[in-house]
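Breakdown of the fold
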Amino acid sequence: MAAITEGQGQEKLMATAQQIMMNLNPPDDQREDMLLIFSSFDNRLSNIKDLMGNSDCKPDDPFEAAEKIILRWDSSSVSSRHSFPWEGLHGEAAEYLSAVDDILQLIEGDTIQSESEIRDRAESAVQMAMSRLEDEFRHILIQNTVPLDAEGSIRRVSLSFASNDGEIEDFESFGEDDQVGYCHERATSLADDFCMDLIQPNAVGKLKEIADRMIRSGYEKECCQVYSSVRRDVLDECLSILGVEKFSIEEVQKIEWRSLDEKMKKWIQAVKIAVRVLLSGEKRLCEQIFYGSELIKEVCFVETAKGCVMQLLNFGEAVAIGRRSSEKLFRILDMYDVLVDVLPDIQVLFTDELGELLCSEAQAVLDLLGEAAIGTFVEFENAVQGETSRKPIQGGEIHPLTRYVMNYVKLLVDYSDSLNTLLANSADESESDPLPSDYGNNSQLGDMSPIARRLLLLLTSLESNLEEKSRLYEDGAMQYIFLMNNILYIVQKVKDSELGKLLGDQWVRKRRGQIRQYATSYLRASWSKVLSCLKDEGIGGSTGNASKVALKERFKNFNACFEDIYRIQTAWKVPDAQLREELRISISEKVIPAYRSFMGRFGNQIDNGRHAGKYIKYTADDLENYLSDLFEGTPGDLHHMRRKTS
């Protein structure tokens, strides 16, 4: 029994020595020396030279030669674990691949029996080779990925997109600045032929050589797993560089608006780059590496890309089903537009059954974003109609609601195409909505686009709301100043944008007519009392024998009325310079000629002109000068006014 054990130990030692020699594969001039070293190391190896000579008796046997090469690069061997033939001479890689081909050809042919020792050795060699090639495949993929922060990388690609850098405040927090706070720039698109290398070009051929042999050997699953795992990590890193983070739907809905706005902007940019650059590049790479294997090519691409696509779609869904508020509308529309833009690309990229599911997911998120956009727009309409702030704006100035709504609406026009599509398919778009009765004929209304119709209704609601707010002023004249300021602001915003084309010239002409009517009403409400002091009625006679008491009272009343108006209306504000000047001219044309005429007829009859200055405090030129102070928003100083006349 002991003799048998000793014999087995000798066989094992000899087999180990033979394996070492095969792995080292020394040159012929060193082979003899190494055999002598082995034989002198242990007396049990004294006949190794004869045994090695016997094993080498068929130097021309293709299988033996191929097996030897594969054993030499066995990835489980410590001596070869970090020695990659792909990084050394090209001949070593070619030799290894050729050895794999020889053994595969032997297995695929009928030259060996299925139960033979040679077949077992061949299959074992293939298994060794596939393990080695899998490691090489992973290594080449990782080492040859284009650095993401290098010139021409994803960082530079991201700079080629314009982004919307502004922001818009919540409806409830609108302020008094003329700007809504949203600077709108629609993002540009990449050229259709824009592409970038995701893998160093000289590595693609090596990857294809490996993939071909793994697929041929039945190791396509392992090949796909390695490829998808490595490339998924790369895509995750790309999204991270683009600022797209992984959030659950619940987490997205808890993000405060300013932070969410930034994330939405980054998402919009990332979707374009991900689809047009990254995923199209991945598709092209799969087609190159797995050329000739249609199913594997599709499986590898979908497995690589689906995580990236779903991360983007999940964020879009979270935004779409979140709380609706007016400040989100433009970002939601941007998200909708970019998804509409890239959906055809997604449908081209993903063509198999699993890919079609991703396309369906993208379409579902697109529909949700469309619903969110229309729902948010409807909430904005309702908010404008129901805004009930009761604090009058100082000086009759432009109401913050007017500024907010008009700047908001101006931006909406940029999305007319998308909104027309969404409104046309929306249950919220009803032809029975009330329209202004004096807005043209039915054919004109019928020709209006859905968004033009809705904006017309929105502005009608705004005008009605402003009418209500004008009644907050106790001074009737100030009500008309307020309405003039606000309606003129609306008209200017319409004329200076695409709104003018949507609403038409008739709408603008009607509002300008309203402003003229408000001006007439203002003159009547504010200056009628002043002008009544300059009439002949009630002063007791003709020019020559008018009552001096009545004349004194008239001039005193005129002075008091004029000074009261001056004190009050210098504090009123008409921001538009042209309207401000037109109002002053209208006042001057009413008051100055009447005052000159009255002065000419009765000015010398007060105490024969001896104490006239006590009652006649102003010349016509003085009044003209004082009228230029009206509507500046700075209360007039009565003492200063008197000093100007002294």
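Scroll up to find the structure.
Every chain begins its residue count from 1, and numbering advances along the sequence as written. Totals for whole chains, interfaces and linings use every residue, but because this is a predicted model, local features are given only for residues with pLDDT of at least 70 and side-chain atom pairs only at 80 or more, for both listing and counting. The basis for every side-chain value is the complete set of non-hydrogen atoms in the structure, without hydrogens or water.

Focus: the overall build of the protein
If you tally the helices and strands in the protein, you get 25 helices and zero strands. Counting the 646 residues in the protein, one finds 48% classified as buried. Sequence separation of 24 or more characterises 79% of the internal contacts of the protein that already satisfy a separation of 6 or more. Only runs of H or I of at least four residues qualify as helices and only runs of E of at least two qualify as strands under DSSP, and these elements are numbered from the N terminus. Exposed residues in this analysis have more than 50% of their type's maximum accessible area, buried residues have under 20%, and partly exposed residues fall in between, with area computed by a 1.4 Å probe over protein chains only. Here, residues are in contact when the closest pair of their heavy atoms is within 4.5 Å.

Remarks on empty space enclosed by the protein
Buriedness of a pocket was judged along seven lines, with at least five required to meet protein on both sides within 12 Å; pockets are open sets of points on a 1 Å grid over the protein atoms alone, cavities are sets where a 1.4 Å probe fits but cannot get out, and lining residues have an atom within 4 Å of a point. Grid points are joined across faces, edges and corners, and a volume is the space filled by probe spheres set on the points. Scanning the model with the defined rule gives three cavities of 30 Å³ or more in all. The calculated volume of the largest cavity comes to roughly 70 Å³. Forming the boundary of the largest cavity are Trp267, Val271, Val275, Leu279, Val309, Leu312, Leu313, Leu339, Val342 and Ile346. Listed by contribution, the elements that provide at least two residues to the lining of the largest cavity are helix 11 (257-289), helix 12 (294-320) and helix 13 (329-349). Tallying contributions element by element places helix 11 first for the lining of the largest cavity, with four residues.

Side note on the packing of helix 8 (residues 201-216) against helix 9 (residues 220-241)
The description of two helices packed together rests on the angle between their axes and the distance between the axes. Only the stretch in contact is used when fitting a helix axis, every axis being a line fitted to C-alpha atoms; angles between N-to-C directions are given from 0 to 180 degrees. Across the interface, helix 8 lies against helix 9 with an axial gap of 7 Å and an inter-helix angle of 140 degrees. In this structure, helix 8 uses Ala211, Met214 and Ile215 to contact helix 9, whose residues at the interface are Glu220, Glu222 and Cys223. Looking at the contact of helix 8 with helix 9 residue by residue, the class counts come to four nonpolar, no polar and two charged. By the convention adopted, Pro, Cys, Tyr, Trp, Phe, Met, Ile, Leu, Val and Ala count as nonpolar, Lys, Arg, Asp and Glu as charged, and the other residues, Gly among them, as polar.

Details of the environment of Glu467
With respect to the secondary-structure elements, Glu467 resides in helix 18 (residues 450-470). In this structure, Glu467 is in contact with Leu483 and Tyr518, ignoring residues within four places of it in sequence. Polar contact criterion, stated in full: a pair of N or O atoms within 3.5 Å, where within protein one must be able to donate a hydrogen and the other to accept it, and residues adjacent in sequence count only if both atoms are side-chain atoms. Within the local environment of Glu467, its side chain forms a polar contact with the side chain of Tyr518, the two groups lying 2.9 Å apart.

Structural notes on the nonpolar core
The tendency in soluble globular proteins is for nonpolar side chains to be buried as a group. Residues belong to one nonpolar core when they are buried, are Ala, Val, Leu, Ile, Met, Phe, Trp, Tyr or Cys, and are joined through side-chain atoms within 4.5 Å. By size, the foremost hydrophobic cluster in this structure holds 179 residues, and its most contacted members are Phe137, Phe290, Phe350, Tyr522 and Trp527. Here the element with the most residues in this core is helix 11; it accounts for 16 residues. Once residues lying within four places of it in the same chain are set aside, the contact partners of Phe350 are Leu279, Phe301, Val302, Ala305, Val309, Gly355, Glu356, Leu358 and Cys359.

Considerations on the packing of helix 23 (residues 577-602) against helix 24 (residues 620-627)
Their axes nearest at 10 Å, the elements helix 23 and helix 24 cross at an angle of 165 degrees. Taken together, the axes of helix 23 and helix 24 lie roughly antiparallel to each other. Classified by chirality, the crossing of helix 24 by helix 23 is right-handed. Residue-level contacts link Arg584, Ile587, Ser588, Ile592, Tyr595 and Arg596 of helix 23 to Ala620, Asp621, Leu623, Glu624 and Leu627 of helix 24. Here the contact of helix 23 with helix 24 is built from residues that sort into six nonpolar, one polar and four charged. Any angle between 65 and 115 degrees counts as roughly perpendicular, while under 35 counts as roughly parallel, over 145 as roughly antiparallel, and the rest as oblique. Two helices crossing with the near one rotated counterclockwise from the far one by less than a right angle form a left-handed crossing, whereas a clockwise rotation gives a right-handed crossing.

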